[in-house]
Amino acid sequence: MAHDTKVWRCGKYELKFDRPRIMGVLNVTPDSFSDGGEHMDTEAAIAYGLKMLDDGADIIDVGGESTRPGFTPVSPDEEARRVLPVIRALAQRGAIVSVDTRHVEVAKAAVRVGASIVNDVTGFTDPKMLDFVTTNNCGVVVMHAGELTAPAHAHTAVQLDTSAAAFVAEKARAAAESAVAARKSRNTKRSLIQPLLPFDELPADIVPEKNDKKKPAKGKDAAAKDAEVSDAAETPSDAPSAEAIGAALAGSAIETTAAAVVADTAQPEPDALAAVMARSVHREEAYVSTSQLRRFTMPDSAPIMRRVMGFLSDQARALMQAGVARERICIDPGPGFGKTANEDIIIQRETAKMASLGYPLLCAVSRKRFVGTVSGVADATERDAATFGVCLGAIQAGANIVRVHDVAGFAQFLNGYWAVAKPQPRRAFVALGSNLGRRLDNIRAAKDLIAEIPMTCVSNCSRIYESEPAYEERQEPFANAVIEIRTELAPLILLDQLMEVENKLGRNRTKSARANGPRTLDCDLLWMEGEIHGGDKLRLPHPKLGERDFVLVPLEDLMHDPARFFRYEGVDVKEPEDRVGHIVGELGSL
């Protein structure tokens, strides 16, 4: 919602939620449910990540293991090989990068090469993962990975009936289930960290034999379904480990013994998440005939939300008690993970309740199975329009971040909605420079054109200063100024408008133009309230802001102590003698 006071601290970044944030999905996998295999090549994955940033993504979520129903588990070494080069390249471009992993070895290496967020689909139920995030300042996403203990329930056809007999039968069945649940709860010891995912009712090839106890025989249909779940992929013994790959990319050696590496990279047996996702498919497909009649179209929301919100709250408290600051924690109800379509819809309808927990809330419904159910779209890649509708409902109810595959489409959708639904003028600074033609006239004309940009006004102007050329000295001195604006446009939309101002005043953009050479006009978006952005098209705050004397001196006309202000915003502001493009005189006013 507009003016949400939540803050998410992710390493050196601080995300604010006066506007919903977009998390772009980048699957470096061969088998993801909607885009598997499209970005397996490292260079292609990096290029796609940068495109999503230029399209409007605030965060890039990089994953190297598919967790679709029936997925094939991947070893930490193979997962690290896929994701670490991509994470490093995007982080170097100023991107806020999230690593989507359940393996602590991959999380460690990813943070080392630049990831700012650990998105754990198992909700930090692994004590080693919890211990790791207490040793750094990365952001964390706690996800609910489906029903952990309750048995799979058969799906029954929805029938509306108001007879007294049906009502009595329904009440009797509910009472019996409550009694069974009460007996189970008395025998269960609850801890702060939730138990690892369950192994009851799982396929035989996942559950190991223990204590030589006999297992009940399975039917042919169940055995056939179980056979679809593959064993974990193996990495050759001579392949580099996740830790080794991370160390090489980060440029630092990892001091550890061979025994420690073997211990850290050991795969848990059985694979709990694969089991839960396999059971999720069984729950959707199962059918048992019954004479019991249901009186409502949807199940009761209370027990569903108690399980989901209880898990998220418990795990968040466990993280805080272990030493993770509350501002680092984001929660995700995990749509599609071990849940039926009815349960997913109930959870989305209760978004406001989850938002009331006080943590940043992630809506990760993109192209999920239940979105196809409500929209009638079978092909996952065709579900983007329905995804946008579900995301809009979540945003209106308090979701802060949306995780989507189609970043360009959703950014366009969100910008259109936000422009008319949420008046939100924000402060920004734009630097103007010229050293060709009538320099002062170019600066003044640019200011007038910027004032005509829709949903934007010029609120203050510095004086015009003359400066030495920066970066390329063999050219004429520059005239420089900084203007303060108020705008309701998204940063990338504002940037497009500023580039159009440059074009109107004759900016040369041909191949003959030198990168830091002479120009009739240069418009640089320096800073925008509440915005952090990376990529090739736009970086916020401007990556060279802290080293430019011809920017920092004019800013002194607009604010008290700009060096202190921008240092607080995370900018490395250099001392005057260490800057480039020093101011040598004053030329007039705007």
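Residues numbered from 1 in each chain as written. Predicted model: local features only at pLDDT ≥ 70, side-chain atom pairs only at ≥ 80, totals over all residues. Heavy atoms only, no water.

1. What about the overall build of the chain?
Alright, step 1. Scanning the chain from N- to C-terminus turns up 19 helices and 16 strands.
Alright, step 2. The contacts in the chain between residues at least 6 apart in sequence include a share of 75% that link residues at least 24 apart.
Alright, step 3. Here the chain displays about 26700 Å² of accessible surface, and carbon together with sulfur accounts for 52% of that area. (Helix = DSSP H or I, 4+ residues; strand = E, 2+ residues; numbered from the N terminus. Contact = heavy atoms within 4.5 Å. Areas by Shrake-Rupley, 256 points an atom, 1.4 Å probe, with all protein chains shown as cover.)

2. Describing unusual backbone geometry
Leaving glycine aside, a negative phi is the common case for residues, and trans is the common case for peptide bonds.
Alright, step 1. Cis peptide bonds are those with omega within 30 degrees of zero, and the linkage from Leu540 to Pro541 qualifies with -10°.
Alright, step 2. Looking at where Pro541 falls in the secondary structure, it is placed in the loop between strand S15 (522-528) and helix H18 (549-555).
Alright, step 3. Phi at Tyr471 takes a positive value of approximately 75°, unusual for a residue other than glycine.
Alright, step 4. Locating Tyr471 in the fold gives a position in the loop between strand S13 (463-467) and strand S14 (478-487).

3. Considerations on the nonpolar core
Alright, step 1. Counting residues in hydrophobic clusters, the biggest one holds 78 residues, and the most contacted among them are Leu26, Val62, Ile87, Leu90, Leu319 and Phe410.
Alright, step 2. The greatest single-element share of this core, amounting to nine residues, is contributed by helix H10 (residues 301-322).
Alright, step 3. Among all residues touching Phe410, those that are not within four sequence positions of it are Ile22, Phe388, Cys391, Ile395, Val402 and Val404.
Alright, step 4. Of all hydrophobic cores here, the second largest spans 26 residues; its members include Ile464, Ala479, Leu498 and Met528. (Core = buried A, V, L, I, M, F, W, Y, C linked by side-chain atoms within 4.5 Å. Buried < 20%, exposed > 50% of the residue type's maximum accessible area, 1.4 Å probe, protein only.)

4. Here's the deal with the packing of helix H14 (residues 384-397) against helix H15 (residues 407-421)
Alright, step 1. Packing of H14 against H15 brings their axes to within 11 Å, and their N-to-C directions diverge by 45°. Here H15 runs oblique to H14, going by the angle between their axes. The hand of the H14/H15 crossing is right-handed. Residues Phe388, Cys391, Leu392, Ile395 and Gln396 of H14 form the contact with H15, whose own contacting residues are Gly409, Phe410, Phe413, Leu414, Tyr417 and Trp418. (Axes fitted to C-alpha atoms, helices over the stretch in contact; angles between N-to-C directions. Parallel < 35°, antiparallel > 145°, perpendicular 65-115°, else oblique. Left-handed = near helix turned anticlockwise from the far one by under 90°.)

5. Some details on the pattern of salt bridges
Alright, step 1. Taken as a whole and assessed by the stated rule, the structure comprises 33 salt bridges.
Alright, step 2. Of the charged contacts, one joins Glu78 and Arg82 as a salt bridge, the two residues approaching to 3.0 Å between their closest N and O atoms. Placement of both Glu78 and Arg82 in helix H2 (residues 76-92) is noted, with a separation of four residues, approximately one turn of the helix. This pair shows no difference in class: Glu78 is buried, exactly as Arg82 is.
Alright, step 3. Residue Arg486 pairs with Glu484 through a salt bridge whose shortest N-O separation is 4.0 Å. (Salt bridge = Lys/Arg side-chain N within 4 Å of Asp/Glu carboxyl O.)

6. Description of the pairing of strand S3 (residues 21-27)
Alright, step 1. With seven of seven residues buried, S3 lies mostly within the body of the structure.
Alright, step 2. Burial along S3 is two-sided: Arg21, Met23, Val25 and Asn27 facing one way and Ile22, Gly24 and Leu26 facing the other are all buried.
Alright, step 3. Sheet topology places S3 next to strand S10 (residues 401-404); four bridges connect them, and they run parallel. Within the sheet, the bridge partner assigned to Met23 lies in S10 and is Arg403.
Alright, step 4. Bridging between S3 and strand S4 (residues 59-63) involves five bridges; their strand directions are parallel. Bridge pairing links Asn27 to Gly63 in S4. (Pairing = 2+ DSSP bridges.)

7. Let's talk about the sheet that holds S4
Alright, step 1. What the eight strands build is an open sheet, ordered S8-S7-S6-S5-S4-S3-S10-S9; its pairing is parallel. Taken across any chain shown, the strands that pair with only one partner, and hence form the sheet edges, are strand S8 (329-332) and strand S9 (362-363).
Alright, step 2. Both S9 and S10 contribute to a ladder of two bridges, which runs parallel. Paired with Cys363 across the two strands is Val402, which belongs to S10.

8. Description of the confidence of the model for the chain
Alright, step 1. Of the residues in the chain, 73% have a pLDDT of 70 or more, and the chain-wide mean is 82.
Alright, step 2. Scored below 50 in pLDDT, residues 188-237 shows 75 contacts in the model against residues more than four places distant or in partner chains. (pLDDT = per-residue confidence, 0-100.)

9. Points about the environment of Asp300
Alright, step 1. You can see Asp300 is positioned in the loop between helix H9 (272-285) and H10.
Alright, step 2. For Asp300, a relative accessible area of 53% corresponds to the exposed category.
Alright, step 3. Along the chain, Asp300 and Ile346 lie 46 residues apart, while their C-alpha atoms are 8.5 Å from each other.
Alright, step 4. Within polar-contact distance, the side chain of Asp300 engages the backbone nitrogen of Ala302 at 3.3 Å. (Polar contact = N/O pair within 3.5 Å; in protein donor to acceptor, adjacent residues only side chain to side chain.)

10. Describing the packing of aromatic side chains
Alright, step 1. Throughout the structure, instances matching the rule amount to nine aromatic pairs.
Alright, step 2. Their ring planes at 80° and their centres at 6.4 Å tell us that Trp527 and Phe566 sit as a pair that is edge-to-face. Within this pair, whereas Trp527 is found in strand S15, its partner Phe566 is found in helix H19 (residues 562-568), the two being separated by 39 residues in sequence. Judged on exposure class, the residue Trp527 and its partner Phe566 are both buried.
Alright, step 3. Of the aromatic side chains, those joined through ring pairs into one cluster are Phe429, Trp527, Phe565 and Phe566.
Alright, step 4. The ring centre of Phe565 lies 5.9 Å from the NZ or CZ of Arg427, which sits over that ring.
Alright, step 5. A cation over a ring is seen here: Lys544 above Tyr471, with NZ or CZ 4.6 Å from the ring centre. (Phe/Tyr/Trp six-rings, centres within 6.5 Å; stacked < 30°, edge-to-face > 60°. Lys NZ or Arg CZ within 6 Å of the ring centre and 35° of its normal.)

11. Observations regarding helix H17 (residues 491-504)
Alright, step 1. Helix length check: H17, at 14 residues, gives a terminal C-alpha distance of 20 Å against a target of 20 Å (1.5 Å per residue), a fit within 8%.
Alright, step 2. Within H17, burial applies to Pro491, Leu492, Leu494, Leu495, Leu498, Val501 and Glu502. Seen end-on, H17 carries its buried residues on one side only, within an arc spanning 160°.
Alright, step 3. Residues of H17 that are buried make contact with helix H1 (42-55), strand S11 (426-434), helix H16 (439-451), S14 and S15.
Alright, step 4. Two residues or fewer after H17 comes Gly506, characterised by a positive phi angle close to 85°. (Expected span 1.5 Å × (residues − 1). Arc of directions from axis to C-beta.)

12. Looking at H2
Alright, step 1. Here H2 spans 23 Å end to end across 17 residues, near enough to the 24 Å set by a 1.5 Å rise per residue.
Alright, step 2. The sharpest bend along H2 reaches about 35° and sits at Val83, with the proline Pro85 one to four residues further on.
Alright, step 3. Counting buried positions along H2 gives 13 out of 17 residues, so the element sits mostly inside the fold. (Bend = angle between axes of the 7 residues up to and from the residue.)

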